[in-house]
Amino acid sequence: MPGDRFRVDVQGRALDLSNLDKVLYPDAGFTKGEVIDYYTRIAPVLLPHLADRALTRIRYPNGVDDKSFFEKNAPAATPDWVHTETLPVPGSSKGRETIDYVVADDLPTLVWLANLAALELHTPQWRIGAHPDTMVVDLDPGPPAGLRECCEVALLLRDRLASDGIDSYPKTSGKKGMQLCCPIAGSQSSDLVSDYAKRVAQELEKEHPKLVVSRMAKNLRPGKVFIDWSQNNAAKTTVSPYSLRAQSVPAVSTPLTWDEVSAGAAGKRPAARPYTAAEVLKRVEKQGDLLAPLLDGGPKLPAG
């Protein structure tokens, strides 16, 4: 139909945007046009965390209440100006040896992806051609535990990591859990990073057995927080900071201050509900990028 497609210029790149009025978050009435607007406005703090990283997307062409699909490979009709990298695929379930990954390192690429309803953006802990430069510890609560308990465990982890000289920066997952992101030297293998994270998780489980579990068996998780150290496996990805999530509202994986985590552990925000796109834009306007230190690198992890 006439008017369904709009030609726009984004930093010198011509893009055809379509179906801007399509509602992708029905409970909130949040449209594809608003998704594109959010990613355009958040781009200054988001793009540095995506740069030089192979990007996995989760697309919701008919909204969060309908079917979705993971997409690692660059889709058909990818513009020739989009940065792609052909990389080996560790642990591919489809037997692929390589994938042509999209690398979102500029605003036109981000807008193009948003127009494809790529709501969720996930990246590995390594930059292309390098070892991991970020350690991620995922905190997954087993009901009735929730974000409050995640905040309690995050504080324990912060102090334990600090004893090894490792700084940590918290963010919500945008769903029910949290992640701690730690800048590390990009000179150690993912196996070494995973081993270190596992060792720390096991220590905390031993010290706080009623609150923490380090083993993956789901029957061990009710009422506890699972410290998922396996996120540092070379084949794993983690939702990017500032990425939207497929929730009933346009929730965002939101960087937090440690004061907010302490408040969350006391039963205050952020334990009540996820931050939304509009709230995150306001937070960034006031606070800037709370995860900017991740971009500066960090120390080596201690050997086991």
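- Naming follows an unreviewed UniProt entry, where the chain appears as Non-homologous end-joining DNA ligase of Micromonospora rubida.

## Some remarks on the sheet that holds strand E5 (residues 56-59)
At step 1: One open sheet holds the four strands; their spatial order is E6-E5-E9-E15, and the pairing between them is antiparallel. Every other strand in the sheet has two partners, leaving strand E6 (69-71) and strand E15 (238-239) as the edge strands with one partner each.
At step 2: Where E5 lies against E6, three bridges are found, and the strand directions are antiparallel. By the bridge assignment for E6, arginine 57 is matched with glutamate 71.

## Section: the sheet that holds strand E10 (residues 134-141)
At step 1: Spatially, E11-E12-E10-E14-E13 is the arrangement adopted by the five strands of the open sheet, whose pairing is mixed. Each edge of the open sheet carries a strand with a single partner, namely strand E11 (169-172) and strand E13 (212-213).
At step 2: Examined bridge by bridge, E10 and strand E14 (residues 225-228) share four bridges and lie antiparallel to one another. From the neighbouring strand, leucine 139 faces E14, where its bridge partner is isoleucine 227.
At step 3: Along the sheet face, helix H3 (residues 147-162) touches E10, strand E12 (178-183), E13 and E14 and points at about 20 degrees away from the line of E12.

## Things to note about unusual backbone geometry
At step 1: Across the junction of proline 143 and proline 144, the peptide omega takes the value 10 degrees, indicating a cis bond.
At step 2: Along the chain, the position of proline 144 falls in the loop between E10 and H3.
At step 3: Within the chain, tyrosine 242 stands out as a residue other than glycine whose phi angle is a positive 75 degrees.
At step 4: Along the chain, tyrosine 242 falls in the loop between E15 and helix H5 (258-265).
At step 5: Take tyrosine 242: its relative accessible area is 1%, and that puts it in the buried class.

## So, H3
At step 1: Counted at 1.5 Å a residue, the expected span for H3 with its 16 residues is 22 Å, and the 22 Å between its end C-alpha atoms agrees.
At step 2: Listed as buried for H3 are Leu147, Cys150, Cys151, Val153, Ala154, Leu155, Leu157, Arg160 and Leu161.
At step 3: Buried-residue contacts for H3 involve E10, E12, helix H4 (190-207), E13, E14 and H5.

Rules behind the numbers
- Residues numbered from 1 in each chain as written.
- Predicted model: local features only at pLDDT ≥ 70, side-chain atom pairs only at ≥ 80, totals over all residues.
- Heavy atoms only, no water.
- Pairing = 2+ DSSP bridges.
- Helix = DSSP H or I, 4+ residues; strand = E, 2+ residues; numbered from the N terminus.
- Contact = heavy atoms within 4.5 Å.
- Axes fitted to C-alpha atoms, helices over the stretch in contact; angles between N-to-C directions.
- Buried < 20%, exposed > 50% of the residue type's maximum accessible area, 1.4 Å probe, protein only.
- Expected span 1.5 Å × (residues − 1).

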